[in-house]
Amino acid sequence: MRFIHTADLHLGQVMYQDYTREDEHDYFFSQLEGWCRTYHPDALLVSGDIFDIQQPGAHVKKIFNDHFVALHNNFPQMAIVITAGNHDSASRIQADNPIWKMGNVTLIGLAPASDTSSLPDGWQDDYIVALPQGYIVALPFMTGARPETVQSILDRVAQRNSAQKPVVLMGHMAVSGMDYTGHNFEIGNLQTVDTSQLGHGFDYMALGHIHRPQTLGYNDEHQPQSVYPTGTVRYSGSPLHVSCDEKYPHSVSLVQIDRHGGPVTLNRLRVAQKRHFFELPANGTPADADHALLAVRQFAEKHQSGYFRLTLDGSKPFPADFNQQIYQLIESYNGEIRFNPKSIWANIPDTTSTDGETLFEVAELQQMTDPMEFIRQTQSHYPELDIEQLAEAFKEVEAELRRLSENTNSES
Ligand SMILES: [Mn+2]
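Small disclaimer: the values here were computed from a predicted structure and weren't measured. (Residues numbered from 1 in each chain as written. Predicted model: local features only at pLDDT ≥ 70, side-chain atom pairs only at ≥ 80, totals over all residues. Heavy atoms only, no water.)

Participant: Got a minute to help me understand the overall build of the chain in this structure?
Facilitator: Looking only at helices and strands, the chain features eleven helices and 20 strands. In terms of overall dimensions, the chain is globule-like: its C-alpha atoms have a radius of gyration of 24 Å, near the 22 Å expected for 412 residues. Considered along the principal axes of its C-alpha atoms, the chain spans approximately 80 × 55 × 40 Å. A fraction of 73% describes how many contacts in the chain between residues 6 or more apart in sequence connect residues 24 or more apart. For the chain, the computed accessible surface area is about 19,700 Å², with 51% contributed by carbon and sulfur atoms. Treating the 29 positive side-chain charges of the chain as one cloud and the 52 negative ones as another, the clouds have centres 9 Å apart. (Helix = DSSP H or I, 4+ residues; strand = E, 2+ residues; numbered from the N terminus. Rg over C-alpha atoms; globule rule 2.2 N^0.38 Å. Contact = heavy atoms within 4.5 Å. Areas by Shrake-Rupley, 256 points an atom, 1.4 Å probe, with all protein chains shown as cover. Lys, Arg positive; Asp, Glu negative; His and termini not counted. Charge placed at Lys NZ, Arg CZ, Asp CG, Glu CD.)

What follows is the structure, given as structure tokens:
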């Protein structure tokens, strides 16, 4: 069996409240189509986070429809299997499955119930895509690990797989021991799943969720090809750079497995990016306002296209309309030069004044992610406040929000 594994498309993503990525996605899909033409995969697997938000607009749905209908029309023999990630609405993805089934496309949105004892015999088959060349277990994002559920499906495959064909398990989760570079913000909200919970009986686990391509237990992304034993666990990574913190190349995974029990041969197909991410100034020295503007002007003239983020010197004065000046400067590039207004601030001075009053620079507030940090520093203004109680309350709210979003993802 030969297949292409990708994930985390985030269709409809808008960068920095301002920039749509439709042409970047078009560029990716044109490359994907080229690979399908060259390598004739039996299947194309997309392991979750198809859309960037749960309720994408009609325009974004059309982008999805156009690309996947084109893939099916051009390669009707290729099975396409798409699962929902935590960014997707499980029920919306699932609802479209019967229609797409007519075009050799399987959409799996809803995870199996956490208690499977009341399900009818053979419920596992809903998650098994049986191809002439092998089996694909298509599991979407799930709350928690649910190892018995996963193993029960893998056992069902084992029963049916008397011909010893390759077995692929799809999933969307954070597995412990992986490299989460670029996910700093999100990771606090996510439980990682221990590898012992992944189940056994698969030759290859096709994961989504982490944007950095990687194979569990290997440090070999620089190689064009790798050969692994059976039971390999891999993130294909996202095709596009999704944030400034992703400084690694992106690829899709072309995988060949000839029989159950391996080996697994992986070819990394490097995705060319339509727009790159840049840090300015290029030499890394935190800039004052004039140097920053100069760096942006030079960058724009030289590259004509791309995203950039600034590192600024917080000990220097900045005009109140500094960001507006940047936007004005890049205006003539028709959205090709794209500004991340959340700058990195260096050398922020200690602004505690002599009377104990805390003053904040805008820069400092911009960097603050924990509301408790702000409250602790301004505690003198709220003598009545029980700080520990407040911290507990924040934790509860955070946990509740997480629980709600996971329920929405897995059950609604
Ligand atoms: Mn995800």
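Participant: What is the right way to read the coordination of the manganese ion from this model?
Facilitator: Coordination angles at a metal have ideal targets, namely 109.5 degrees for four tetrahedral donors and 90 or 180 degrees for six octahedral donors. Those donors, D49 (OD), N86 (OD1), H172 (NE2) and H209 (ND1), are the protein atoms that reach the manganese ion, and they lie 2.1 to 2.3 Å from it. One chain supplies every donor to the manganese ion, and in sequence these donors are spaced D-x36-N-x85-H-x36-H. With a gap of 37 residues between them, H172 in strand β9 (residues 167-172) and H209 in the loop between β12 (204-208) and β13 (214-215) connect regions that are remote in the sequence. (Donors = N, O, S within 2.8 Å, 3.2 Å for Na, K, Ca; no water.)

Participant: Explain the sheet that holds strand β7 (residues 128-130) here, please?
Facilitator: The strands making up a sheet associate through hydrogen bonds between their backbones, and the pairing can be parallel or antiparallel. Taken together, six strands build an open sheet; the order of strands is β7-β8-β9-β12-β15-β13 and the sheet is mixed. The strands lining the two open edges of the sheet, one partner per strand, are β7 and β13. Judged from the two bridges that link them, β13 and strand β15 (residues 232-235) form a sheet pairing that is antiparallel. Within β15, the residue paired with Q214 across the bridge is Y235. (Pairing = 2+ DSSP bridges.)

Participant: Mind showing me how you'd approach the domain arrangement of the chain here?
Facilitator: Where the parts come together, the accessible area they lose is often given as the size of the interface. Per the domain assignment, the segments making up the chain are domain 1 (2-270) and domain 2 (277-367). Spacing between the C-alpha centres of domain 1 and domain 2 amounts to 37 Å. At the interface, 13 residues of domain 1 touch 13 residues of domain 2. With both chains or domains summed, domain 1 and domain 2 bury close to 1,000 Å², and 57% of this area falls on carbon and sulfur atoms. For domain 1, the biggest contributors to the area lost against domain 2 are Y16, Y19 and C244; these three give 58% of the whole. Counting every contact that joins domain 1 to domain 2 gives one salt bridge. Here R338 makes a salt bridge to E24, at a shortest N to O gap of 3.6 Å. The interface formed by domain 1 and domain 2 includes four residue pairs in polar contact (both at pLDDT 80 or more). Residue composition of the side of domain 1 that touches domain 2, by class: four nonpolar, three polar and six charged. (Domains from an automatic or database assignment. Buried area = accessible area lost by both parts, 1.4 Å probe. Salt bridge = Lys/Arg side-chain N within 4 Å of Asp/Glu carboxyl O. Polar contact = N/O pair within 3.5 Å; in protein donor to acceptor, adjacent residues only side chain to side chain. Nonpolar A, V, L, I, M, F, W, Y, C, P; charged D, E, K, R; others polar.)

Participant: I tried to follow the sheet that holds strand β16 (residues 251-257) on my own but got confused; where do I start?
Facilitator: Read from one edge of the open sheet, seven strands run β6-β5-β4-β1-β16-β17-β14, paired in mixed fashion. With partners counted over all chains shown, the strands left at the sheet margins are β6 (105-108) and β14 (225-228), one partner each. Neighbouring strand axes in the sheet, compared pairwise and without regard to direction, differ in orientation by 20° on average. Two strands pair when backbone bridges link them, and strand β1 (residues 2-6) and β16 are joined in this way by four bridges, in the antiparallel orientation. Bridge pairing in β16 places F3 opposite V255. Contacts between helix α1 (residues 22-39) and the sheet are confined to β1, β4 (43-47), β16 and β17 (264-270), with β1 contributing the most and set at about 165° to the helix. Most of the contacts of helix α2 (residues 58-74) go to strand β5 (residues 79-83), to which it runs at about 150°, and overall it touches β4, β5 and β6. (Axes fitted to C-alpha atoms, helices over the stretch in contact; angles between N-to-C directions.)

Participant: Sorry if this is basic, but what is going on with the packing of α1 against α2 here?
Facilitator: Between two packed helices, the angle of one axis relative to the other and the distance separating the axes together describe the packing. For the pair α1 and α2, the least separation of the axes is 11 Å and the interaxial angle reads 15°. Viewed along their axes, α1 and α2 adopt a mutual orientation that is roughly parallel. When you trace α1 past α2, the crossing you get is right-handed. On α2, the residues that touch E22, D26, F29, L32, E33, C36 and R37 of α1 are H59, I63, H67, F68, L71 and N74. Broken down by class, the residue content of the contact of α1 with α2 amounts to six nonpolar, three polar and four charged. (Parallel < 35°, antiparallel > 145°, perpendicular 65-115°, else oblique. Left-handed = near helix turned anticlockwise from the far one by under 90°.)

Participant: In this structure, what is going on with unusual backbone geometry? I would like to understand it.
Facilitator: What is expected of a backbone is that most residues other than glycine have negative phi and most peptide bonds are trans. The amide bond that connects G262 to the next residue, P263, takes the cis arrangement and shows omega of 0°. A positive phi angle, close to 55°, is found at D8, a residue other than glycine. Classification of D8 by relative accessible area gives buried; the value is 1%. One non-glycine residue with positive phi stands out, namely H209, at about 120°. (Buried < 20%, exposed > 50% of the residue type's maximum accessible area, 1.4 Å probe, protein only.)

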